[in-house]
Amino acid sequence: MELIVPTKQTHEGFCSFHSTRKEISVNCCNNRRFKNRSLLVGQLRKHRQSKVFAISRIETLSSVEKRGFESSNRRYKNNLFVGQLRKHRQKKVFAVSRIETLGGTTNDRLSSVEKRTNGSINENFEEFESNNYLRRLVRNGELEESFKHLESMVYRGDIPDIIPCTSLIRGFCRIGQTKKATRVLEILEDSGAVPDVITYNVLISGYCKSGEIDNALKVLDRMSVAPDVVTYNTILRSLCDSGKLKQAMHVLDRMLQRECYPDVITYTILIEATCKESGVGQAMKLLDEMRSKGCVPDVVTYNVLINGICKEGRLNEAIKFLNNMPSYGCQPNVITHNIILRSMCSTGRWMDAEKLLADMVRKGCSPSVVTFNILINFLCRKGLLGRAIDLLEKMPKYGCTPNSLSYNPLLHAFCKEKKMDRAIEYLEVMVSRGCYPDIVTYNTLLTALCKDGKVDIAVEILNQLSDKGCSPVLITYNTVIDGLSKVGKTELAIELLNEMREKGLQPDIITYSSFVAGLSREGKVDEAIKFFHDIEGLDVRPNAITYNAIMLGLCKARQTDRAIDFLAYMISKGCKPTESTYTILIEGIAYEGLAEEALELLNELCSRGVVKKSSAEQVVVKM
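Remember, predicted model here, so these are calculated numbers, not experimental data.

Novice: How should the packing of helix H5 (residues 162–174) against helix H7 (residues 197–209) be read in this particular structure?
Specialist: Packed helices, taken two at a time, are described by their axes: the angle between them and the distance between them. Where H5 contacts H7, the axes come no closer than 9 Å and their chain directions differ by 5 degrees. In terms of orientation, H5 lies roughly parallel with respect to H7. Of the residues in H7, those in contact with Ile162, Thr166, Ile169, Arg170 and Cys173 of H5 are Ile198, Thr199, Val202, Leu203 and Gly206. For the contact of H5 with H7, the residue count by class is 6 nonpolar, 3 polar and 1 charged.

Novice: Help me understand the packing of helix H12 (residues 280–292) against helix H13 (residues 299–311), please; the structure alone is not making it clear to me.
Specialist: With their axes 10 Å apart at the nearest point, H12 and H13 run at an angle of 165 degrees to one another. In terms of their interaxial angle, H12 and H13 are classed as roughly antiparallel. Crossing geometry of H12 relative to H13 is assigned as left-handed. Facing Val280, Ala283, Met284, Leu287, Met290 and Arg291 of H12, the residues of H13 in contact are Thr301, Tyr302, Leu305, Gly308 and Ile309. Of the residues contributing to the contact of H12 with H13, the split by class is 8 nonpolar, 2 polar and 1 charged.

Novice: It is not clear to me how the packing of aromatic side chains should be interpreted in this structure. Could you clarify?
Specialist: Given two aromatic rings, their pairing is described by the distance between the two centres and the angle made by the two planes. For the structure on display, the rule yields 13 aromatic pairs. With 5.7 Å between their ring centres and 25 degrees between their planes, Tyr302 and Tyr328 make a pair best called stacked. Here the residue Tyr302 occupies a position in helix H13, and Tyr328 occupies one in the loop between helix H14 (315–324) and helix H15 (334–346), the gap between them amounting to 26 residues. Through a chain of ring-to-ring contacts, the aromatic side chains of Phe532, Tyr547, Phe566 and Tyr569 assemble into a single cluster.

Novice: What exactly am I supposed to notice about helix H11 (residues 264–278) here?
Specialist: Since the α-helix advances by 3.6 residues per turn, residues separated by three or four positions end up pointing in the same direction. With 15 residues, H11 should cover 21 Å at 1.5 Å per step; its first-to-last C-alpha distance of 20 Å lies within 8% of that length. Inspection of H11 places Val264, Thr266, Tyr267, Thr268, Ile269, Leu270, Ile271, Ala273, Thr274 and Cys275 among the buried residues, and these make up the whole buried set. Where H11 is buried, its residues contact helix H9 (229–241), helix H10 (245–257), H12 and H13. Where H11 starts, the residue carrying a side-chain oxygen 3.1 Å from the main-chain nitrogen of Ile265 turns out to be Asp263. Once H11 finishes, Gly279 follows within two positions and takes phi at roughly 95 degrees, a positive value.

Novice: What exactly am I supposed to notice about the side chain of Asp196 here?
Specialist: Tracing the sequence through the fold places Asp196 in the loop between helix H6 (178–190) and H7. Within the local environment of Asp196, its side chain forms a polar contact with the backbone nitrogen of Ile198, the two atoms lying 3.2 Å apart. Reaching out from Asp196, the side chain makes a polar contact with the side chain of Thr199 at a distance of 2.9 Å.

Novice: How should the nonpolar core be read in this particular structure?
Specialist: The nonpolar side chains of a soluble globular protein tend to be buried, and buried together. In terms of nonpolar packing, the biggest core is built from 159 residues, with Ile235, Ile271, Leu305, Ile340, Leu410 and Met551 touching the most fellow members. Not counting the four nearest positions on each side in its chain, Ile340 is found in contact with Ile306, Cys310, Leu315, Ala318, Ile319, Leu322 and Leu356. If you look at the next biggest cluster of nonpolar residues, it comprises 9 residues, including Ile586, Leu605, Val611 and Ala616.

Novice: It is not clear to me how the pattern of salt bridges should be interpreted in this structure. Could you clarify?
Specialist: Once the charged atoms of two side chains with opposite charge are near each other, the side chains can pair. Enumeration according to the criterion identifies 25 salt bridges in this entry. Residue Glu425 pairs with Arg422 through a salt bridge whose shortest N-O separation is 3.3 Å. A residue pair is termed a helical-turn pair when its members lie 3 or 4 positions apart in one helix, as Glu425 and Arg422 do in helix H20 (residues 420–432) at 3 residues. We classify Glu425 as partly exposed; its relative accessible area is 39%. For Arg422, a relative accessible area of 32% puts it in the partly exposed group.

Novice: When you look at unusual backbone geometry in this model, what are you seeing that I'm missing?
Specialist: A negative phi angle is the norm for most residues apart from glycine, just as the trans form is the norm for most peptide bonds. Positive phi, close to 60 degrees, is recorded for Lys418, a residue that is not glycine. A positive phi is found at Arg558, a non-glycine position, where the angle reads about 60 degrees. Along the polypeptide, Arg558 turns up in the loop between helix H27 (544–556) and helix H28 (560–572). Looking at Arg558, the relative accessible area reads 47%, which means it is partly exposed.

Novice: Looking at this model, I keep getting lost on the environment of Leu519. Mind explaining?
Specialist: Within the element layout of this structure, Leu519 appears in helix H25 (residues 509–521). In this structure the C-alpha to C-alpha distance between Leu519 and Ile550, which are 31 residues apart in sequence, comes to 8.9 Å. Beyond its immediate sequence surroundings of up to four residues, Leu519 is in contact with Thr490, Lys524, Val525, Glu527, Ala528 and Phe531.

Novice: Can you walk me through H28 in this structure?
Specialist: Taking 1.5 Å of rise per residue, the 13 residues of H28 would be expected to cover 18 Å, and the 18 Å separating its terminal C-alpha atoms lies within 8% of that figure. For H28, the full list of buried residues reads Thr560, Ala563, Phe566, Leu567 and Met570. For H28, the angular spread of the buried residues around the axis is 110 degrees, confining them to a single face. Residues of H28 that are exposed and angled more than 90 degrees away from the buried face: Asp561, Asp565 and Ser572. Of the residues one or two after H28, Gly574 is the one with positive phi, at around 80 degrees.

Novice: Would you take a moment to explain the environment of Glu522 for this structure?
Specialist: Its location among the elements puts Glu522 in the loop between H25 and helix H26 (525–537). The exposure class assigned to Glu522 is partly exposed, which follows from its relative accessible area of 27%. Distance from Glu522 to Gly553, taken between C-alpha atoms, is 8.4 Å for residues 31 residues apart in sequence. With sequence-adjacent residues up to four places away left out, Glu522 is seen in contact with Gly488, Lys489 and Thr490. Here Thr490 takes part through its side chain, which lies 3.2 Å from a polar atom of the side chain of Glu522.

Novice: In this structure, what is going on with the confidence of the model for the protein? I would like to understand it.
Specialist: When pLDDT is low, close inspection of the predicted coordinates is not appropriate. Model confidence for the protein is summarised by a mean pLDDT of 81, while 79% of its residues fall at 70 or above. This model gives residues 1–119 a pLDDT under 50, and the stretch forms 133 contacts once residues within four places in sequence are excluded.

What counts as what
- Residues numbered from 1 in each chain as written.
- Predicted model: local features only at pLDDT ≥ 70, side-chain atom pairs only at ≥ 80, totals over all residues.
- Heavy atoms only, no water.
- Axes fitted to C-alpha atoms, helices over the stretch in contact; angles between N-to-C directions.
- Helix = DSSP H or I, 4+ residues; strand = E, 2+ residues; numbered from the N terminus.
- Parallel < 35°, antiparallel > 145°, perpendicular 65-115°, else oblique.
- Contact = heavy atoms within 4.5 Å.
- Nonpolar A, V, L, I, M, F, W, Y, C, P; charged D, E, K, R; others polar.
- Left-handed = near helix turned anticlockwise from the far one by under 90°.
- Phe/Tyr/Trp six-rings, centres within 6.5 Å; stacked < 30°, edge-to-face > 60°.
- Expected span 1.5 Å × (residues − 1).
- Buried < 20%, exposed > 50% of the residue type's maximum accessible area, 1.4 Å probe, protein only.
- Polar contact = N/O pair within 3.5 Å; in protein donor to acceptor, adjacent residues only side chain to side chain.
- Core = buried A, V, L, I, M, F, W, Y, C linked by side-chain atoms within 4.5 Å.
- Salt bridge = Lys/Arg side-chain N within 4 Å of Asp/Glu carboxyl O.
- Arc of directions from axis to C-beta.
- pLDDT = per-residue confidence, 0-100.

Set out below in structure tokens:
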């Protein structure tokens, strides 16, 4: 009579085992059947649990993992089962050795086997719980804790689930810790688990994104499973973006040797890189090869080629290519038209751009926000603000909501024409329509206000930026500090300098040059020189503008001798004087009543080509 093992369903959906023993006669055959059946039931149940988690994984995979999941799902389940069988084999050998060394009666041996079976079940449950805990840690973003738990799992002999381990690798890659991610893979491999192609792809992608292409290639070489097309495309993209087309072609050869065939993404990556490096002519040869291999180009492929043709200045050919696309079995999309429109605008062909926009609408290809922004930007640069406003107002008619990039060219154009009232009016219109200004918008306004001498308004706007959810950047502070320095408000400018430092923004030479110029302009030359030397102590290298500001201040203070000494110091520091450097000194000499000497020096500098004739004439007028 065989041993009966009844099951009882638990609240978690797993079976708990309760042995019911009877007086039976067991021989060696029965022992072997009991051992194999009990252990296999446990393994099959564990395999079923793993399968459930594999299915649930689809819902949490990243886009890259999803593309590779279907192709590797079968291989993943097989690899997982291989890992389980390895562990099962170890337990089986140990169980057999125990039976052989046991003494006593048949019942004693049966009791020992039963204990070993219950131990296996407990171990399986503990391993499941351990993986479940790992999964929760990774899901909560506790990467370091996840890593420590993974190490302890493997130390106990548990086989980690590759799904949370893959997510852990992705998490470390996302924060730039690629070495830690690689260590996770090594732990996974050493544990007896078999990583699938998705696991390797995540690590390779992490290396590529961090610019460690050599390490990505090393991972490719050590893969224990066959790379798929996603693996190669990730590496090819990274190589091509780095301008390493030749190396990318070698990787393509390896890909073909391993019978992994390129897809449309592979060829599009290589065609784009070829356009940049060797021109459209060579890229067209690759397109022909692509077609001959039975790989059909898509709209992205054709867009890459059209963009290459436009960049080579062959706009008419690009338009012809656009019109021929339907005959190639591919309809152009809005991006195709945007590429052509941008090229038309950059070459001043506004009428053609208007016609293309009309053709888009007629063919049922709806313009996007980008389409209108290209046209608005062009019109504003040409000073055709009326047409730009008309186009902006028509956007909702085509289902497009203007964004900050739609309004910024208008604001910039109004500021350039010193129509600050119109600029502020459209800023208010922008906000009233639910489009919030970005830092570019504010920088445009601040620059215009400072140039117009309305620095107080600029400071007021700067102070309100944080409340508006828009953080000032370095150029924002530089603009206002320069404006304050020019109107003699250097003390307020210093307050802003301290504020920007508190916010973690590091002042640059432009910031410091504004202060030096401001102090010199106010006649505080000695303070300016002290500030200048403080800059040098901060490892900031002054430029010609900084030196010129000091020399201008010295010349205005009738200290031309010191200005000439400062010129010598400038040259000794390896900073090349500009034309303005010499004209400042000549005007300074003349200002001290030495007009003849100044004129003589000016003629000599003109003869040497240091000062242009036009600049010399302006200096003479001032003298």
